[in-house]
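Commentary on secondary and tertiary structure
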Amino acid sequence: MYLSSHTYYSFRYGTLSVKELLGLAQQQDAWALPITDINNTSGCIDFAREAPNFGIKPIVGIDFRNGMRQEYIGLAHNMEGFYELNVFLSHHLAENIPFPLGAPNFKHAFIIYPFRKMPQINSLGMYHYIGVSIRELDKLRFVQKNLSHNKIVLLEHLSFSSKRSINMHRLLRAIDNNVLLSKLGVEEQENETAIYQSTNYIQQQLKNYPAILHNTKEILEACTIDFEMGINKNKGVFSSGEQADIELLRKQTMKGAQKRYIVLNPNIVNRIEKELEIIVRLGFTSYFLINWDIVNYAMHKNYFYVGRGSGANSIVAYCLFITDVDPIDLDLYFERFINPYRSSPPDFDIDFSWKDRDDIITYIFQKHTPNHTALLATYSTFQGKAILRELGKVMGIPKIEIEHLIYTQKAQNKIQQLVLTYALCLQGFPNHLSIHAGGILISQKSIYNYSATQIPPKGYPIVQFSMLEAEDLGLYKYDILSQRGLGHIKDTLKLIEKRKSVKVDIRNIRILKNDPDIKDLIRGASTIGCFYVESPAMRMLLTKLEADTYQGLVAASSIIRPGVAKSGMMREYILRFRDPSRRKSVHPKIDELMKETYGVMVYQEDVIKVAHYFAGLSLAEADILRRGMSGKFRQRSEFLKIKHKFFENCQQKGYEQGVVKEIWRQIESFAHYSFSKGHSASYAVESYQSLYLKAHYPLEFIVAVINNFGGFYRTELYIHEARMNGANIQPPCVNLSVRLASIQGENIYLGFNLLKSLNKNTIDAIINEREQNGPYRNFQDFIKRVSLSLEQLKILIRAGSFRYTSVGKKELLWEAHLHKKKSKTSSSQLFVSEPKPLVLPELDYQKVEDAFDELELFGFSLCSPFEMLKDPLPSGRLFAHRLKQMLQKYIFVVGYLVHIKTTSTSNHKKMHFGTFIDEKGYFIDTVHFPPSAKKYPFRGPGCYELQGKVTE
């Protein structure tokens, strides 16, 4: 008999998950229950999907509140009512305006006002009611003369399951208000009576108020919601109609095929026809056309992009230029991309340069209108250290004690124990909505049929649910992502054309695949700056694999993923790749299915192949198995049924139980974290493009990397890489530098943007004045022409921006101070005499002073870090190039720290992987096992003496 209930999607308020709420209702034999989270609809779809499993009729609504002051409850009579409520909520969230005291007269939604609001309501609309709680029944006799019995309903809130649940609520409210728990106002909390009461208890309390009971039941009976789960709700028509879409898709596919292949052999044509037939039959025509339209707009704007995801297995996508991966050439598995039993369209992740992505998103919203378009949300949850800090703060624990508690995880008193206890309770609770990394929804019907929207600082509306609920609903996202790697490529091409008048065709992958210089870079793992292959882990993998082909890089892109490594398949693949005698069979069928990868599961397709051909599952069931490896989906009943059927089928086929268990272990440990082969191939395409540019135009490429704010590493390492490729690194110069790094001959002049405290106006003033009136003749000329504060001038001097004057920094600093002093006095004196020339004694100068200036201004020095050491380096040390000659020997080297990756062993002890460079600039990779990691912890940036055994 409840008309209002809250889940933890009432952020920093509710304490119940959707399943917990439904479980409570089921225990009390409830037959219907509304979900009414505060100014939020995040839980509605999951609630509607799960409710029938609990034997409960789902009702959806919204608890409209200004702050914590409840104005009214809205309950959707039907889908039209949910639309009305969502539009109303979205408008107020977008405009950030309070809800009015009186709700609109919705045509398909009920409104229930709390009893306290009755004096403020002049008249009630047709579907408007006054809600009375059990504790307010005694007050009714004073007002019911003025109110029809037909307009009164029971309004109890269901928010808690237990006393602990109430305590969690109070802690969440204190966190939200940023106050001590003891200072939390009563008005900020829900009444403790908002705990589930049985139907019998409620009926007993209302025995003298049968009309209220009747009215409440009548509303519950009247409300119906049906989201038609799993039915495709994406925009179904791209052009003027379905048939026009089919004709347009065929026309553009065949047009692109002529460009891609020139000669269309029967194999190509048959693959195109097969794909088109299934795409049309499954209703994905407009989905492909919308993706084609997006990349077509990008090409028109000359934006560089990469299409990837399972859709990269598609020849139609290749011919539409959505991807650059040829599925015929790579023999990509057709059923991973699409099959006749698939309900969801294939994934297209389209990456753009971080500079271009916002324009692409704007185009999508303008093309398909905000009424049908929204960004997808994700839930930011309370996790680990953050929730311990929040709880410690509201419980009044000093900061130093909170940090100690986080570090030790051991309580020293009762209060600290409460923090640890409730941190476990609140772990994983939704905290607020965030924007999904790149998901955009484009719906056939208005987006408000499924959710309210809100507008985060990004400026585009987001729905109030995540990717998982969107898929349940039948709304499949378009992934529009950004990455800096594409910025590297785009800017490199511009620099090459500007400096060398050469236009590089970076999309001709066939030529790139056979480039010997690229092969050399891959073999030597000389991949710094190159997309996806520059991290220490990837460079180490390339060294171990000894692969130098495109196919080898495709495999490496997938086996580096966490799941493949965790399953032990990465190590096994490396051994089998290098040594054919290691290629032992788990089962002949597995060898047959994964001949290309030596019987090792490497790609997501392998899960589908094993499930379908080895275990005899249907393609639809196999795809559920692949999807089911995500943590949240794995708990669902449909996945558990497929898992059971996998083992059952294998038993019927007579496979050995040990073999089946081993194959399942491999599937379970890596499927969700591996790539589809098409996805890996797309990554390898971009890697090859980066490698080509680095191999043939290294300085232009590294400058582009620096100007796009790097990749995996800090800017310092990319400057080091430029130096290793023959560049002379110059600090910013007022006569030669611009905002970003630039090249003149073999000199790379760093950009003014790298100077931390130099503001934009200063940079603009320097460049504009120079462009209008020519180079600065000397320091005096500069300070006459550019008006800067003393602090900004000192930054330029200390950075070496006036070294062309051949005057020392210290002398320039004296002159700058004198100039500023003169400027002040001249403005306050009637007669100004010319100052005497400044005569300074010889000032001491040490080269290391420049390095310390650079450390402060750039965050790194432009000289070798080894030149900054106070003490001489120990004798007897080795260099990186000699390590291969010292296998199994204990040695010591000195290295400058580049990167640390911290991980845990199986028994949860910390260990590290270190990356260093030696004095000659070459890499050293280290493994710090737990005893060493504990005894010799890292102490921040700098040079380290490394002692250990050389292993291979």
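Everything here concerns the structure above.
So, a few notes on the structure that sits alongside this text.

Cut-offs applied
Residues numbered from 1 in each chain as written. Predicted model: local features only at pLDDT ≥ 70, side-chain atom pairs only at ≥ 80, totals over all residues. Heavy atoms only, no water. Helix = DSSP H or I, 4+ residues; strand = E, 2+ residues; numbered from the N terminus. Rg over C-alpha atoms; globule rule 2.2 N^0.38 Å. Buried < 20%, exposed > 50% of the residue type's maximum accessible area, 1.4 Å probe, protein only. Areas by Shrake-Rupley, 256 points an atom, 1.4 Å probe, with all protein chains shown as cover. Lys, Arg positive; Asp, Glu negative; His and termini not counted. Charge placed at Lys NZ, Arg CZ, Asp CG, Glu CD. Pairing = 2+ DSSP bridges. Axes fitted to C-alpha atoms, helices over the stretch in contact; angles between N-to-C directions. Polar contact = N/O pair within 3.5 Å; in protein donor to acceptor, adjacent residues only side chain to side chain. Core = buried A, V, L, I, M, F, W, Y, C linked by side-chain atoms within 4.5 Å. Contact = heavy atoms within 4.5 Å. Expected span 1.5 Å × (residues − 1). Parallel < 35°, antiparallel > 145°, perpendicular 65-115°, else oblique. Left-handed = near helix turned anticlockwise from the far one by under 90°. Nonpolar A, V, L, I, M, F, W, Y, C, P; charged D, E, K, R; others polar. Salt bridge = Lys/Arg side-chain N within 4 Å of Asp/Glu carboxyl O. Phe/Tyr/Trp six-rings, centres within 6.5 Å; stacked < 30°, edge-to-face > 60°.

**Looking at the overall build of the chain**
If you tally the helices and strands in the chain, you get 37 helices and 22 strands. In terms of overall dimensions, the chain is globule-like: its C-alpha atoms have a radius of gyration of 33 Å, near the 30 Å expected for 952 residues. Taking the principal axes of the C-alpha coordinates as reference, the chain spans close to 100 × 90 × 65 Å. The buried share among the 952 residues of the chain stands at 54%. For the chain, the computed accessible surface area is about 43900 Å², with 51% contributed by carbon and sulfur atoms. Charged side chains of the chain number 118 positive and 97 negative; the gap between the two group centres comes to 3 Å.

**Notes on the sheet that holds strand 17 (residues 742–744)**
On the basis of which strands lie adjacent, the open sheet formed by three strands has the order 16-18-17 and mixed pairing. Both outer strands of the open sheet, strand 16 (728–730) and strand 17, are each paired with one neighbouring strand and no more. Going across the sheet, the axis of each strand differs from the next one's by a mean of 30°, ignoring polarity. Bridge count for strand 17 against strand 18 (residues 747–749) is three bridges, and the pairing is antiparallel. Bridged to serine 742 within strand 18 is tyrosine 749.

**A closer look at unusual backbone geometry**
A positive phi angle is found at asparagine 39, which is not glycine, with a value near 50°. With respect to the element layout, asparagine 39 can be found in the loop between strand 2 (32–38) and helix 2 (44–50). Judged by relative accessible area, which is 17%, asparagine 39 ranks as buried. Although it is not a glycine, glutamate 546 adopts a positive phi angle of roughly 60°. Relative to the helices and strands, glutamate 546 is located in the loop between helix 20 (536–545) and helix 21 (550–559).

**Quick look at the side chain of threonine 527**
Among the secondary structure elements, threonine 527 is positioned in the loop between helix 19 (516–523) and helix 20. The exposure class of threonine 527 is buried, given its relative accessible area of 0%. For threonine 527, the side chain forms a polar contact with the main-chain oxygen of valine 533, separated by 2.5 Å.

**Comments concerning the pairing of strand 4 (residues 69–76)**
Regular strands show a simple pattern: their side chains alternate between the two faces of the sheet. When you tally the buried positions in strand 4, you get seven out of eight residues, the bulk of the element. Bridging between strand 3 (residues 57–66) and strand 4 involves six bridges; their strand directions are antiparallel. Looking at the pairing, glycine 61 lines up with leucine 75 of strand 4. In sequence, strand 3 turns back onto strand 4 through a hairpin of two residues, with glycine 67 there showing a positive phi of about 65°.

**Here's the deal with the nonpolar core**
In this structure, Phe227, Phe288, Ile360, Leu391 and Phe465 are the most contacted members of the largest nonpolar core, which totals 136 residues. Tallying contributions element by element places helix 9 (residues 285–300) first for this core, with nine residues. Ignoring any residue separated from it by four or fewer positions in sequence, one finds phenylalanine 288 in contact with Leu249, Ile279, Ser314, Val316, Ala317, Leu320, Ile322, Phe337, Pro346 and Phe348.

**Let's talk about helix 8 (residues 266–282)**
Taking 1.5 Å per residue as the helical rise, helix 8 with its 17 residues ought to reach 24 Å, and the 24 Å between its terminal C-alpha atoms agrees with that figure. Those residues of helix 8 that fall on the buried side of the exposure criterion are Ile268, Arg271, Ile272, Glu275, Leu276, Ile278 and Ile279. Summarising the contacts, the buried residues of helix 8 are in contact with helix 7 (242–261), helix 9, helix 10 (315–319) and helix 11 (334–337). Two or three places before asparagine 267, at the opening of helix 8, asparagine 265 has a side-chain oxygen 3.0 Å from that residue's backbone nitrogen.

**Notes on the packing of helix 13 (residues 384–394) against helix 15 (residues 414–426)**
Two numbers describe how helix 13 lies on helix 15: the axes approach to 9 Å, and their chain directions differ by 130°. Taken as axis vectors, helix 13 and helix 15 run oblique relative to one another. Our pair here, helix 13 against helix 15, has a crossing hand that is right-handed. Residues Ile387, Leu388, Leu391 and Gly392 of helix 13 pack against Val419, Leu420, Tyr422, Ala423 and Leu426 of helix 15. Looking at side-chain class alone, the contact of helix 13 with helix 15 contains eight nonpolar, one polar and no charged residues.

**Structural notes on the pattern of salt bridges**
Here the structure, examined in full by the defined rule, presents 53 salt bridges. Put simply, glutamate 791 and lysine 794 hold a salt bridge, and the shortest N to O gap is 3.6 Å. Residue glutamate 791 and its partner lysine 794 are located together in helix 34 (residues 790–798), separated by three residues, close to a single helical turn.

**Let's talk about the environment of alanine 437**
You can see alanine 437 is positioned in strand 12 (residues 430–442). A C-alpha to C-alpha distance of 46 Å links alanine 437 and lysine 870, two positions 433 residues apart in sequence. Among residues more than four places away in sequence, those in contact with alanine 437 are Arg357, Ile480 and Leu481.

**A few points about the sheet that holds strand 5 (residues 109–114)**
Across the sheet, six strands lie side by side as 2-3-4-5-6-7; this open sheet has mixed pairing. Pairing within the sheet leaves two strands with one partner each, and these edge strands are strand 2 and strand 7 (152–154). Direction aside, the axes of adjacent strands within the sheet are offset by 35° on average. The strands touched by helix 3 (residues 79–95) within the sheet are strand 3, strand 4 and strand 5, with strand 3 carrying the most contacts at an inclination of about 20°.

**Let's talk about the packing of aromatic side chains**
All told, the structure shown has 43 aromatic pairs when counted by the stated rule. Ring geometry for tyrosine 72 versus tyrosine 113: centroids 5.6 Å apart, planes at 85°, classification edge-to-face. A residue pair is termed long-range when its members are at least 10 positions apart, and tyrosine 72 in strand 4 and tyrosine 113 in strand 5 qualify at 41 residues. Across this residue pair, the class does not change: tyrosine 72 and tyrosine 113 are buried. With centroids separated by 5.3 Å and ring planes inclined at 85°, the aromatic side chains of phenylalanine 288 and phenylalanine 348 adopt a geometry described as edge-to-face. A residue pair is termed long-range when its members are at least 10 positions apart, and phenylalanine 288 in helix 9 and phenylalanine 348 in the loop between helix 11 and strand 10 (349–353) qualify at 60 residues.

**Here we look at the packing of helix 4 (residues 163–177) against helix 15**
Running from N to C, helix 4 and helix 15 point in directions that differ by 90°, and their axes come no closer than 11 Å. Here helix 4 is positioned roughly perpendicular relative to helix 15, judged by the angle of their axes. Listed contacts from helix 15 to Arg164, Asn167, Met168, Leu171 and Leu172 of helix 4 are Thr421, Tyr422, Cys425 and Leu426. Tallied by class, the residues present in the contact of helix 4 with helix 15 amount to six nonpolar, two polar and one charged.

**Digging into the pairing of strand 6 (residues 128–132)**
Counted residue by residue, strand 6 has five buried out of five residues, so it is predominantly covered. Of the two faces of strand 6, the one carrying His128, Ile130 and Val132 and the one carrying Tyr129 and Gly131 are both buried. Of the pairings in the sheet, the one linking strand 5 to strand 6 comprises four bridges and is parallel in character. Residue pairing across strands places proline 114 opposite glycine 131, the latter belonging to strand 6. Examined bridge by bridge, strand 6 and strand 7 share three bridges and lie parallel to one another.

Without other data, these values stay purely geometric and don't point to any function.
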